[in-house]
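Structural overview
In case you want the letters, here they are:
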Amino acid sequence: MGFQLSPTSPTGKWLGFVTAVWVQAISGNNYTFSNYSDALKSLMALTQLQLNNLSVAKDVGKAFGLLAGLASDRLPTPIILLIGSVEGFIGYGVQWLVVSRRIQPLPYWQMCIFLCMGGNSTTWMNTAILVTCIRNFRKNRGPVSGILKGYVGLSTAIFTDLCSALFSDSPSSFLLMLAVVPFLVCLTAIIFLREVPPSATSSEEKEESRYFGAFNIVAVVVAVYLLAFDVTGTHGRLFSQAFAIILLILLASPLSIPLYLAVQNVNRSNSKSNLDIERHVIAEPLLAQETVPEIEKKPEAAAQAEEGVEIKRRRPVIGEDHTIFEALRTIDFWILFVSFLCGVGTGLAVMNNMGQMGLALGYVDVSIFVSLTSIWGFFGRILSGSVSEYFIKKGGTPRPLWNAASQILMAVGYILMAMALPGSLYIGSIVVGICYGVRGLIYNVLILNLPLGSFLFSGLLAGFLYDAQATRTAGGGNTCIGAHCYRLVFVVMAIACIIGFGLDVLLAIRTKGVYSKIYATKKSKKSSTVSNRH
């Protein structure tokens, strides 16, 4: 038998997952706009409103991610990844040509198109990765989704800190990284990531859970490592290069899992084990078994179609699948929609305007704030998922209460930034990161909300109010220095978050019964399991 590297072998399956993690670790480039926005503004002589509408174009690209979702059922994973990587290469490549002055700045509408392409490119990558990995690890969907989204949260910090370490925060070098690195990483996933049969036995599921734990540990170590680099101040060239090398080693460390499985496979071959043959025998009835419950459920579903299903659809339960048209007919959806708009829309405004916010408060380099937002967004995702799940199991606490808490925390952060106290931008970046991470768990549910929130809070609010305070520059753009530049913006966004807090509390009240039933069901299952043991 010997060494196997086919996609269907355990080694190939986990090698594919490692490349999927790498793609996620470089696919959060949508949130890096502040690292090069000031260069675009000065080169194209833009007002803040014009610059912010460029960032809106980037966020509109995310809304077109629905196309990637539709394509995922019709196109193979390599094609979806190729579309995303080529689109990103073109979108960010053209921006690099402009910022590096290799070509003259393009007309404004053309730049909007290329920023939209850059924003849309990551949706193809994320869709290909998430759909394929969930299909490959169907019985461990939760851990898979958490790991992949966690690495997306870290990707902005990974890009920002690598560029800071290697290229001294050069905007043109940063854009070149955004164009080339995702393209090359996607090529590795195109080669190794395929849809393969899921685990067949409970022992395989447990083994998968252990490996996922290792991926989580690596993610936390990377996050802490990035945070340590950010908070230790300015570094010399040699130290920065050493940091970059160690970071790349950490990101490559999950390769130890497929290598370990490859060694195991060789040892089993040498001992003439028949486990591989047994696995293929088991695999055939597995596919049939998975389709049986669907067939068995159809008569039951048909019998209830006229009497019960419509009632259930009019009372959506969090965690239950809905079509967009079913969701639009519910009050709870619109409460969640506006709440999401208040939290994520204001968060996007901060991330898109961080470059000018930092410059207004006297910071020449704003990359640390971009990185802090990314890192604490990662911790926000981890904490919100585990903490909310714990309190659901313990007392049926509705998840919207945690969203409400994040809204209040966000409002406090905006007030601190409005006061412009020493260090307030550091605190604000951390708070916005945590709260945006909490909301990021329901990101895919309301993807169309992103461009609307970006347009209202970043494109209109921040753009108009900044321009009202700014002074014209010789080239036709404008600039503003001082705490007053964004003070009113922060106050308005704090009010929006307070409104969002009220909506989240209302949603928690409306869904309290649902979570009480979830808690009661889990409690009864737990008690029955204990009684059966005795």
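Residues numbered from 1 in each chain as written. Predicted model: local features only at pLDDT ≥ 70, side-chain atom pairs only at ≥ 80, totals over all residues. Heavy atoms only, no water.

1. A closer look at the overall build of the chain
Keep this limit in mind: Put simply, DSSP marks the helices as runs of H or I at least four residues long and the strands as runs of E at least two long, and each gets a number from the N terminus on. Each residue's exposure class comes from its accessible area (1.4 Å probe, protein chains only) as a fraction of the maximum for that residue type: buried when under 20%, exposed when over 50%, partly exposed otherwise. With residues, only the protein chains shown are counted as cover, and all accessible areas are computed by Shrake-Rupley using a 1.4 Å probe.
Helices and strands together make up the secondary structure of the chain, namely 20 helices and two strands. The 534 residues of the chain split such that 50% are buried. Carbon and sulfur atoms make up 67% of the accessible area of the chain, which amounts to about 24700 Å² in all.

2. Topic: helix α7 (residues 141-167)
Given 3.6 residues per turn, any residue in an α-helix points the same way as the ones three and four places further on. Heads up, the rule is: The span you would expect from a helix comes to 1.5 Å times its residue count less one. Two axes are fitted around each residue, one to the seven residues ending there and one to the seven starting there, and the angle between them is reported as the bend at that residue.
Here α7 contains 27 residues, and its C-alpha end-to-end distance of 38 Å stays within 8% of the 39 Å for a straight helix at 1.5 Å per residue. Its axis deflected by about 35 degrees at Leu154, α7 carries its strongest bend there. Taken across its 27 residues, α7 has 21 buried, putting it largely inside the fold. Remark: Ser168 follows α7 within two positions and exhibits a positive phi of approximately 55 degrees.

3. Comments concerning helix α2 (residues 37-44)
Within α2, the full set of buried residues consists of Ser37, Ala39, Leu40, Lys41 and Met44. Within two residues after α2, Ala45 carries a phi angle of roughly 50 degrees, on the positive side.

4. A short note on the packing of aromatic side chains
Quick reminder of the rule: Two aromatic rings from Phe, Tyr or Trp, using only the six-membered ring of Trp, form a pair when their centres are within 6.5 Å; if the ring planes differ by under 30 degrees the pair is stacked, by over 60 it is edge-to-face, and anything between is tilted. The criterion is that NZ of a Lys, or CZ of an Arg, lies within 6 Å of the ring centre and within 35 degrees of the ring normal, and then a charge sits over that ring.
What the rule picks out here adds up to 27 aromatic pairs. When the ring of Trp14 is compared with that of Phe17, the centres are 5.8 Å apart and the planes differ by 80 degrees; the resulting orientation is edge-to-face. With a gap of three residues between them, Trp14 and Phe17 both fall in helix α1 (residues 10-24), about one helical turn apart. By way of ring pairs, the aromatic residues Trp14, Phe17, Phe137, Tyr211, Phe212 and Phe215 are connected into one cluster. Note that Lys13 overlies the ring of Phe137, its terminal NZ or CZ placed 4.7 Å from the centroid.

5. Quick look at the state of the cysteines
Rules: In plain terms, two cysteine sulfur atoms within 2.5 Å form what is called a disulfide here.
This model, assessed by the stated rule, comprises one disulfide. In this structure Cys435 is not part of a disulfide, and its nearest cysteine sulfur, from Cys497, lies 7.8 Å away. Residue classification places Cys435 among the buried positions, given a relative accessible area of 1%.

6. Looking at the nonpolar core
Our working rule: We call a set of buried Ala, Val, Leu, Ile, Met, Phe, Trp, Tyr and Cys residues a nonpolar core when their side-chain atoms join them within 4.5 Å. Start and end points for every domain follow an automatic or database-based domain assignment. Pairs of residues are marked as contacts when any of their non-hydrogen atoms sit within 4.5 Å.
Ranked by internal contacts, the top residues of the largest apolar core, which has 111 residues, are Trp14, Phe17, Leu226, Tyr414 and Met493. Top contributing element to this core by residue count: α7, with 11 residues. Shared between two domains, this core holds at least three residues of each, these being domain 1 (7-201 + 209-262) and domain 2 (326-519). Look past the residues within four positions of Leu226 in its chain and what remains in contact with it is Leu154, Ala157, Ile158, Asp161, Phe243, Leu247 and Ile375. Counting residues in each nonpolar core, the second largest holds seven residues, with Tyr31, Phe340, Met351 and Leu450 among its members.

7. With respect to the packing of helix α14 (residues 331-360) against helix α18 (residues 449-469)
How we decide: Where helices are involved, their axes are fitted lines through C-alpha atoms of the stretch in contact, as for all axes, and angles between N-to-C directions lie from 0 to 180°. We call two directions roughly parallel when the angle between them is under 35 degrees, roughly antiparallel when it is over 145, roughly perpendicular when it lies between 65 and 115, and oblique otherwise. The sense of a crossing depends on the near helix, which, turned anticlockwise from the far helix by less than a right angle, makes the crossing left-handed and, turned clockwise, makes it right-handed.
At a minimum axis separation of 8 Å, α14 and α18 run at an interaxial angle of 50 degrees. Viewed along their axes, α14 and α18 adopt a mutual orientation that is oblique. α14 and α18 meet at a crossing whose hand is right-handed. Contacts from Phe337, Phe340, Leu341, Val344, Gly345, Thr346, Leu348, Ala349, Asn352, Asn353 and Gln356 in α14 reach Asn449, Leu450, Leu452, Gly453, Ser454, Leu456, Phe457, Ser458, Ala462 and Tyr466 in α18.

8. Focus on the confidence of the model for the chain
Put simply, the test is: As a per-residue measure, pLDDT reflects the predictor's confidence and takes values from 0 up to 100.
Mean pLDDT over the chain stands at 83; residues scoring 70 or higher make up 85%. Considering each helix and strand of the chain separately, the mean pLDDT is smallest for helix α12 (residues 275-313), with a value of 42, and largest for helix α5 (residues 77-99), with 95. Predicted confidence for residues 277-314 stays below pLDDT 50, and this span has 17 contacts to residues more than four positions away or in other chains.

9. Some words on the side chain of Asp504
Position of Asp504 relative to the elements: it lies in helix α19 (residues 484-510). Discounting chain neighbours no more than four positions away, the residues touching Asp504 are Ser339, Pro400, Asn403, Ala404, Gln407 and Arg439.

10. Details of the environment of Ile80
Mapped onto the secondary structure, Ile80 falls in helix α5. For Ile80, a relative accessible area of 2% gives the class buried. The contacts of Ile80, once residues within four sequence positions are left out, are Ala71, Ser72, Leu75, Trp124 and Ala128.

11. Remarks on the pattern of salt bridges
Condition: We count a salt bridge whenever a side-chain nitrogen from Lys or Arg sits within 4 Å of a carboxyl oxygen from Asp or Glu.
Per the counting criterion, the structure on display carries six salt bridges. A salt bridge links Glu208 to Lys13, with the nearest nitrogen and oxygen atoms 3.3 Å apart. With Glu208 in helix α9 (residues 202-231) and Lys13 in helix α1, this pair connects stretches of sequence that are 195 residues apart. Exposure class is identical for Glu208 and Lys13. Each is buried. A salt bridge links Arg135 to Asp73, with the nearest nitrogen and oxygen atoms 3.1 Å apart. Taken together, the residues Arg135 in helix α6 (residues 108-136) and Asp73 in the loop between α4 (65-71) and α5 connect sequence positions 62 residues apart. Taking relative accessible area as the criterion, Asp73 reaches 58% and is therefore assigned exposed. Each of Asp73, Arg135 and Glu195 takes part in one network of salt bridges that share partners.

12. Quick notes on the side chain of Ser458
Along the chain, Ser458 turns up in helix α18. For Ser458, a relative accessible area of 0% gives the class buried. For Ser458, the residues in contact, after removing those within four places along its chain, are Asn52, Ser55, Ala349, Asn352, Asn353, Gly453 and Gly463.

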